[in-house]
Amino acid sequence: MDELVFGPVPSRRLGISLGVNNIPHKVCSYSCAYCQVGKSNKIQIDRQVFYSPETLTKLVEQRLKKLKHQDYPSYITIVPNGEPTLDINLGKLIENLKAFGLPVAVITNSSLIHRDDVKKDLLNADYLSFKIDTVNRNTWKQINKPHRELLLGECLNALLSFKKEYHGKLITETMLIKDKNESDGELSATAEFLQQLKPSIAYLSIPTRPPAFKDTSPPNEDILLKAYEIFNWYCLEVKYLSVYEGNEFSSSGDFEKDLLSITAVHPMRIDAVKELMLKTKINEIILQKLVDENKVKRIRYQNQTFIVRTFNE
Ligand code: SF4
């Protein structure tokens, strides 16, 4: 149950965020080529009950009570290692979490926004991040590998109509993948759609963590710059989201518990793990023990060493 609430962790979008993981590991409507938590175990579009909102709320309450003032989060973020809108109790969960007096964010892949019940649930969130990697159906299938019954056009139209009703902060995230969505035509079409949607910020990102599919890699810096300029030309407030989020992971005092809960949804760079070890006065032997027990593993990616959680389902 501990992994259902994690952090607070530094978030590139939200400052310091307390994460809520409302979906079992890798149950998603997509199986993105770049997914940082591996290939989807189950690709589904039907909403269902996973965890009780009361249990999740209780875990958040317990975590908030233990935090020191300087570790208090700026957001409670529903950001599972799957698609959060698959949770049929999402609306109730958002309502419960708002009672803590902190803004509630949801990070979604946008795929179920055509459903009236999903729209209704999300309207109550304070901050929404929608994934829009492409508006090209073939590229969408290659990058996001959606459930076969999903329709990209339906999803994009539903997003435009949702935006008219939504009063919170809506941002978008576009992941750039080498040889997939980096052409001028692709980028212009995505930017043109975003211009209609009018997000507060259109984030551009690149894979910075080990991807689910090994042949997935980030574009070079020239492409990042080109994407920025194209998005900018369409009058979007555009920012890169590929900056490392820092090492300010909060410590509960239990290194193993913190490491396992954070890496369940968020691979950690080795320097961040070392800072966490320092905070709890733990030495490398404990980390090696977790590696030997196959609870975590070291992975090299883009000249960095990451500690990632191993799952034995
Ligand atoms: S990146 Fe997000 S939307 Fe894509 S497969 Fe992973 S959890 Fe699902």
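Definitions and limits used
Residues numbered from 1 in each chain as written. Predicted model: local features only at pLDDT ≥ 70, side-chain atom pairs only at ≥ 80, totals over all residues. Heavy atoms only, no water. Core = buried A, V, L, I, M, F, W, Y, C linked by side-chain atoms within 4.5 Å. Buried < 20%, exposed > 50% of the residue type's maximum accessible area, 1.4 Å probe, protein only. Helix = DSSP H or I, 4+ residues; strand = E, 2+ residues; numbered from the N terminus. Contact = heavy atoms within 4.5 Å. Near = heavy atom within 4 Å. Nonpolar A, V, L, I, M, F, W, Y, C, P; charged D, E, K, R; others polar. Pairing = 2+ DSSP bridges. Axes fitted to C-alpha atoms, helices over the stretch in contact; angles between N-to-C directions. Left-handed = near helix turned anticlockwise from the far one by under 90°. Arc of directions from axis to C-beta. Polar contact = N/O pair within 3.5 Å; in protein donor to acceptor, adjacent residues only side chain to side chain.

> Where do I start with the nonpolar core in this structure?
Looking at soluble globular proteins, one finds that nonpolar side chains tend to be buried together. Counting residues in each nonpolar core, the largest one holds 68 residues, and the members touching the most others are Ile78, Leu122 and Phe231. With seven residues, the single largest contributor to this core is helix α5 (residues 152-165). Once residues lying within four places of it in the same chain are set aside, the contact partners of Leu122 are Thr85, Leu90, Val106, Ile113, Leu128, Phe130, Phe162 and Tyr166.

> Where do I start with the side chain of Thr139 in this structure?
Tracing the backbone shows Thr139 in helix α4 (residues 137-144). Sequence-distant contacts of Thr139, defined by excluding residues within four places in its chain, comprise Thr134, Asn144, Lys180, Asn181 and Glu186.

> Before we go on, may I ask you to explain the site of the ligand in this structure?
Around the ligand lies a shell formed by Lys26, Cys28, Tyr30, Ser31, Cys32, Cys35, Gly82, Asn109 and Lys131. For the shell around the ligand, the residue count by class is four nonpolar, three polar and two charged.

> Help me out: how do you make sense of the side chain of Ser31 in this one?
Mapped onto the fold, Ser31 is located in the loop between β3 (27-28) and β4 (42-43). Those residues in contact with Ser31 that lie beyond four places of it in its chain are Lys39, Ser40, Ile43, Ile143, Asn144, Lys145 and Phe213.

> Please explain the sheet that holds strand β2 (residues 15-20) as it appears in this structure.
For sheets, the rule is that strands pair by backbone hydrogen bonds, running either parallel or antiparallel. Taken together, eight strands build an open sheet; the order of strands is β1-β2-β5-β6-β7-β8-β9-β10 and the sheet is mixed. Looking at strand neighbours, the two that pair on one side only are β1 (5-11) and β10 (238-240), the edges of this open sheet. Direction aside, the axes of adjacent strands within the sheet are offset by 25 degrees on average. Examined bridge by bridge, strand β5 (residues 75-78) and strand β6 (residues 104-108) share three bridges and lie parallel to one another. Along β6, the bridge assignment pairs Ile78 with Val106.

> Got a minute to help me understand the pairing of β2 in this structure?
Taken residue by residue, a regular strand's side chains alternate between the two faces of the sheet. Pairing of β1 with β2 involves five bridges; the strand directions are antiparallel. Its bridge partner lying in β2, Val5 is registered against Val20. The hairpin turn running from β1 into β2, its antiparallel successor, is three residues long.

> Just checking my understanding: could you explain the packing of helix α6 (residues 184-197) against helix α7 (residues 221-233) for this structure?
Helix packing geometry: the angle between the two helix axes and the distance between the axes. Interhelical geometry of α6 versus α7 gives an angle of 35 degrees and a closest axis separation of 9 Å. Considering the relative orientation of α6 and α7, their crossing is right-handed. In contact with Asp184, Leu187, Ser188, Thr190, Ala191 and Leu194 of α6, α7 contributes Lys226, Ala227, Ile230 and Phe231. Classifying every residue of the contact of α6 with α7 gives six nonpolar, two polar and two charged.

> How should I be thinking about α4 in this particular structure?
Note that an α-helix has 3.6 residues per turn; residues three or four places apart therefore point the same way. Listed as buried for α4 are Thr139, Trp140, Ile143 and Asn144. Buried residues of α4, viewed axially, fall in a sector of 105 degrees; they line one side. Exposed positions of α4 whose direction lies more than 90 degrees from the buried face are Arg137 and Asn138. In this structure, the buried side of α4 is in contact with β7 (127-131), α5 and α6. Where α4 begins, the side chain of Asn136 points an oxygen toward the backbone nitrogen of Asn138, at a separation of 2.9 Å.

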